[in-house]
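# Report on the structure
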Amino acid sequence: MRLQVPRGRRRRRLFLLAVAAAIVSGYYLLSRVIPHDELQNLLEDVSNALGAWTYLLVGVFAFAETGAFVGLVVPGETVMLLGGAVAGQGAIDIYLLIAIAWLAAWLGDTTSFFLGRRLGREFVMRHGPRFGIGHERFEKVEDYFSRHGGKTIFVGRFVSLVRAFAPFIAGSSGMRYRAFVPYSILGTGLWASAHILIGYFFSRSIDTAAKYAGRGAFLLGTLIVVVVGAALLVRRFRVEENRRAAVAWIERHTASAWLLRLVRRFQPQLRFLWERVTPGGTFGLEFTSLMATFAVAAFALVAYTVIVSGDPGPTPGDVTAMEIAERLRAEWLVEVAKVLTNLGSGAIVWPLATIAAGALALRRRWAECAVLVAGMLIVIFGVHELKSAVDRPRPEGALTGYMGASFPSGHTAYSTFYVWLAVTIVMRLRPGMARGALVVVAGIALTALVGLSRVYLGVHYMSDVNAGWALGAAAFSLCAAVALVVATVRQNGWRAPAAAGPAEDRK
């Protein structure tokens with residue numbers, strides 16, 4: 001039996017498509033009527049008027065998008081694009097803007113999540129209609145969330161209706177915050193960065209924007225055809241009889257029969273890949289957590305590298321950190337800092353890492369050993385190459401003597417080994433160990449103290465230390481993610497699909 005789309009829904013879809021096409025076409029025609037120089041001047045006037053207030057405007061809207069459900073009324077993409085355009089005119093810093101938008105959007109998700117946990121579904125169903133949040137609208141998002149699970153947090157960030165409600169529903173549904181936060185970090189980071197960068201690059205040249213606007217009408221039409229076609233195919237092949245008929249048709253034609261045989265031959269592997277790229281389950285959560293860590297660390301490292309390469313002098317944050325260190329100066333603290341800072345030196349960290357790698361090899365923990373060796377090599381190579389490339393002078397008036405470039409802090413980058421070691425012990429070597437959280441906190445605290453001691457002794461700027469932490473976190477999280485994929489593939493019988501059990505047994 002064929003599923004019929006209600007006439008009212010079809011009309012609504014056609015109306016939305018017409019509106020989208022009209023917006024693109026209108027922008028294209030506007031760019032033809034108004035001279036490009038006037039558009040550029042208008043954008044410059046807006047940039048000069050907003051200035052540094054753009055940081056606050058973008059941050060507030062990024063937070064309120066989900067934290068206060070403002071996204072139901074004013075889509076946050078508009079403000080992100082505007083912020084990127086202002087940054088493109090040179091009025092503000094693009095990296096700081098992305099960082100503020102990313103952090104604010106994540107805080108908004110977190111606020112909405114705990115509101116959902118506190119208030120629950122009944123609150124929205126009782127009070128939602130007063131604010132335009134009808135029962136049917138809310139239930140649609142709930143249905144989407146129940147069918148797609150954790151990936152809704154990530155994918156839903158790019159769907160306005162789902163974005164506004166998804167964190168709240170996640171909290172009200174009893175989802176754990178540690179399962180929620182990795183998807184939120186990745187989703188908010190990609191959402192904020194993408195829209196800000198689009199506004200940034202297009203604002204650099206109105207001519208380029210106008211050219212792409214003309215192409216956008218064609219791309220929009222193509223996208224509509226693809227999406228509608230895919231939706232119709234999915235709807236059709238939900239019926240088992242239709243799937244069987246399609247398979248029979250493919251088998252009858254020589255041109256397509258080989259494809260069916262190929263899919264059947266590699267069905268276990270293809271199903272395994274599909275299950276792994278779909279967020280959810282132990283693998284999905286752990287892998288997404290690692291990729292969220294890598295995304296934040298990589299962004300911080302790249303941003304600091306670009307900023308310091310353009311201006312090797314201290315940043316405003318560096319100046320503030322140096323002033324705080326000066327106010328806290330004491331003779332006994334200097335001696336303590338000298339002891340702590342040595343814990344991040346290569347003379348101590350490298351032998352400890354070698355001993356740890358040997359111990360892991362003796363216990364045949366090859367994945368953990370590989371992560372340690374690869375991570376440390378990346379950190380050492382990264383520190384050396386970045387120091388040579390940036391060649392930032394060290395701060396003046398250091399309390400202890402160190403030679404070489406300042407960016408990034410090698411001691412700080414090497415000290416991230418302690419965090420990796422603590423997490424590996426608790427999660428891999430001794431899962432469920434008593435006071436495991438204290439071990440992880442101790443590793444984080446030791447890494448933090450090594451970095452702060454570098455600033456306190458005046459041998460590094462705070463930005464050097466932040467880049468060192470980011471380099472270490474990016475290296476170890478990326479290596480751990482790769483090792484997790486390889487280990488999971490091996491454990492799920494990738495090399496012997498014929499002997500593998502049902503898909504449910506391989507999860």
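Just so we're clear, the structure is a prediction, and the values are computed from it rather than from any experiment.

Conventions used here
- Residues numbered from 1 in each chain as written.
- Predicted model: local features only at pLDDT ≥ 70, side-chain atom pairs only at ≥ 80, totals over all residues.
- Heavy atoms only, no water.
- Helix = DSSP H or I, 4+ residues; strand = E, 2+ residues; numbered from the N terminus.
- Buried < 20%, exposed > 50% of the residue type's maximum accessible area, 1.4 Å probe, protein only.
- Polar contact = N/O pair within 3.5 Å; in protein donor to acceptor, adjacent residues only side chain to side chain.
- Contact = heavy atoms within 4.5 Å.
- pLDDT = per-residue confidence, 0-100.
- Phe/Tyr/Trp six-rings, centres within 6.5 Å; stacked < 30°, edge-to-face > 60°.
- Lys NZ or Arg CZ within 6 Å of the ring centre and 35° of its normal.
- Salt bridge = Lys/Arg side-chain N within 4 Å of Asp/Glu carboxyl O.

All right, on to the side chain of Ser406 then. For Ser406, the position within the fold is in the loop between helix H19 (366–390) and helix H20 (410–429). According to the relative accessible area criterion, Ser406 is buried, its value standing at 0%. There is a polar contact of 2.3 Å between the side chain of Ser406 and the side chain of Asp464. For Ser406, the residues in contact, after removing those within four places along its chain, are Lys387, Arg392, Pro393, Arg394, Pro395, Val459, His460, Tyr461 and Asp464.

This brings us to the confidence of the model for the protein chain. Looking at the protein chain as a whole, its pLDDT mean stands at 75, while 66% of the residues score no less than 70. Note that pLDDT drops below 50 for residues 1–5; the model gives that stretch 3 contacts with residues more than four away or on any other chain.

Looking now at the packing of aromatic side chains. The full count for this structure, using the stated rule, is 10 aromatic pairs. Ring centres of Tyr177 and Phe180 lie 5.9 Å apart, and the angle between their planes is 35°; on these two criteria the pair is classed as tilted. With Tyr177 and Phe180 both in helix H10 (residues 177–203) and 3 residues apart, the pair spans about one turn of that helix. Its relative accessible area of 21% is what places Tyr177 among the partly exposed residues. Aromatic side chains Phe417 and Trp420 sit 6.4 Å apart centroid to centroid with 25° between the ring planes, which places their arrangement in the stacked category. Here Phe417 pairs with Trp420, and both are found in helix H20, just 3 residues apart, close to one helical turn. Aromatic ring contacts, followed pair by pair, group Phe113, Phe114, Tyr177 and Phe180 into a single cluster. Above the face of the Tyr456 ring, Arg329 is positioned so that its terminal group lies 5.1 Å from the ring centre.

Next up on the list: the pattern of salt bridges. Tallied over the entire structure, the rule returns 4 salt bridges. Among the salt bridges present, the one from Glu368 reaches Arg365, with a minimum N-O distance of 3.2 Å. Judged by relative accessible area, which is 24%, Arg365 ranks as partly exposed. When the shortest N-O distance is used, the salt bridge between Asp464 and Arg392 registers 2.7 Å. In this pair, Asp464 sits in helix H22 (residues 462–491) while Arg392 sits in the loop between H19 and H20, placing the two residues 72 residues apart along the sequence. With respect to burial, Asp464 and Arg392 carry one shared label: buried.

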